[in-house]
Amino acid sequence: MDGVIYDSMGNHAKAWCEAFKFFGIDFPAEMAYLNEGRTAASTINLIFQRDSNRAATSEEISMIYTKKTEIFEQLPPSQKMDGIDDLLNTILEKGMEIWVVTGSAQERLLDGLVAEFGRFITRNRIISGLDVKHGKPHPEPYLIALKKSNLRADEAVVIENAPLGVESAKGAGIFTIVINSGILPDSILCDSGGDWIVHRHSQIQAIFQS
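Rules used throughout
- Residues numbered from 1 in each chain as written.
- Predicted model: local features only at pLDDT ≥ 70, side-chain atom pairs only at ≥ 80, totals over all residues.
- Heavy atoms only, no water.
- Phe/Tyr/Trp six-rings, centres within 6.5 Å; stacked < 30°, edge-to-face > 60°.
- Buried < 20%, exposed > 50% of the residue type's maximum accessible area, 1.4 Å probe, protein only.
- Helix = DSSP H or I, 4+ residues; strand = E, 2+ residues; numbered from the N terminus.
- Lys NZ or Arg CZ within 6 Å of the ring centre and 35° of its normal.
- Contact = heavy atoms within 4.5 Å.
- Core = buried A, V, L, I, M, F, W, Y, C linked by side-chain atoms within 4.5 Å.
- Pairing = 2+ DSSP bridges.
- Right-handed = clockwise from strand over helix to strand, strands pointing away.

## Notes on the packing of aromatic side chains
1) Next: Enumeration according to the criterion identifies seven aromatic pairs in this entry.
2) Next: Centre to centre, the rings of F22 and F23 are 5.1 Å apart; their planes meet at 80°, and the pair counts as edge-to-face.
3) Next: We classify F22 as exposed; its relative accessible area is 54%.
4) Next: Judged by its relative accessible area of 32%, F23 falls in the partly exposed class.
5) Next: With centroids separated by 5.0 Å and ring planes inclined at 85°, the aromatic side chains of F175 and W196 adopt a geometry described as edge-to-face. Residue F175 is found in strand β6 (residues 175–179), and its partner W196 is found in strand β7 (residues 196–198); the two are separated by 21 residues along the sequence.
6) Next: A network of ring pairs unites the aromatic residues W16, F20, F27 and Y65 as a single cluster.
7) Next: Across from the ring centre of F72, 5.1 Å away, lies the NZ or CZ of K68, which sits over that ring.

Spelled out as structure tokens, the structure:
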């Protein structure tokens, strides 16, 4: 969703940085991009392990994530990625199903996704942070998507933008096209296992049209 459908990672990075800063914790923007796709609890635990060599308490997770959500919702609305409508149209025209596998657990964002892209995306074809025990980079999110869609790994293609998402998809055995829509160098996305790397949605559309 973020960074593939919506140009929203800048907002998420800013919200995470400011939420952690509010509680006196350093969290540079690059960390948000490197850890995109993790569940909120996993992201917060990662930082507590880094700084305090312990897991965050449930209260700490709740406070930080509540603050992050509050900040995010005060930022200007995220815009659609350029070319996403044309890409989704092409995918449907080719007779393929569209599933969304996201680490987000914010119901408002998930409902907004369906409201804006209802012609392409339905709620029962979204695997979110609410549906998984192990978020990305664990393969569970994509394995759940395969199970629910009744597709084999070799019948699916993943479009990802984040290192942990790529690791998750490749762990599930799925061919993965990576669109680098963020601030990370291509080399990091290559190292995470992406099969093809592109920089524009029109490049992905051309792949499906060929």
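So, next bit.
## Side note on the environment of D7
1) Next: Within the secondary structure, D7 sits in strand β1 (residues 6–7).
2) Next: Along the backbone, D7 and D82 are 75 residues apart, and their C-alpha atoms lie at a distance of 8.5 Å.
3) Next: Residues contacting D7, with those up to four places away along its chain left out, are S78, Q79, K80 and M81.

## Digging into the environment of C17
1) Next: By the element assignment, C17 lies in helix α1 (residues 9–22).
2) Next: Among all residues touching C17, those that are not within four sequence positions of it are F27, P28 and A29.

## Looking at the nonpolar core
1) Next: By size, the foremost hydrophobic cluster in this structure holds 27 residues, and its most contacted members are I5, L113, F117 and I121.
2) Next: Going through the elements one at a time, α1, α4 (58–74), α5 (84–93), α6 (107–117), β6 and α10 (201–209) are the ones with two or more residues in this core.
3) Next: Among residues more than four places away in sequence, those in contact with L113 are M1, I5, Y6, V100, G118, I121 and I126.
4) Next: Counting residues in hydrophobic clusters, the runner-up holds 17 residues, among them W16, M31, A32 and Y33.

## Concerning the pairing of β6
1) Next: Most of β6 sits inside the fold, with four of its five residues counted as buried.
2) Next: Judged from the three bridges that link them, β6 and β7 form a sheet pairing that is parallel. The residue of β7 that forms the bridge with I179 is V198.
3) Next: Note on the crossover from β6 through helix α9 (residues 186–191) to β7: the handedness is right-handed.

## Points about helix α8 (residues 163–171)
1) Next: Of all the residues in α8, the buried ones are P163, L164, G165, V166, S168 and A169.
2) Next: As for α8, its buried residues are in contact with α2 (29–34), α7 (140–149), β5 (157–160), β6 and α9.
3) Next: A positive backbone phi angle near 85° is found at G173, which sits one or two residues after α8.

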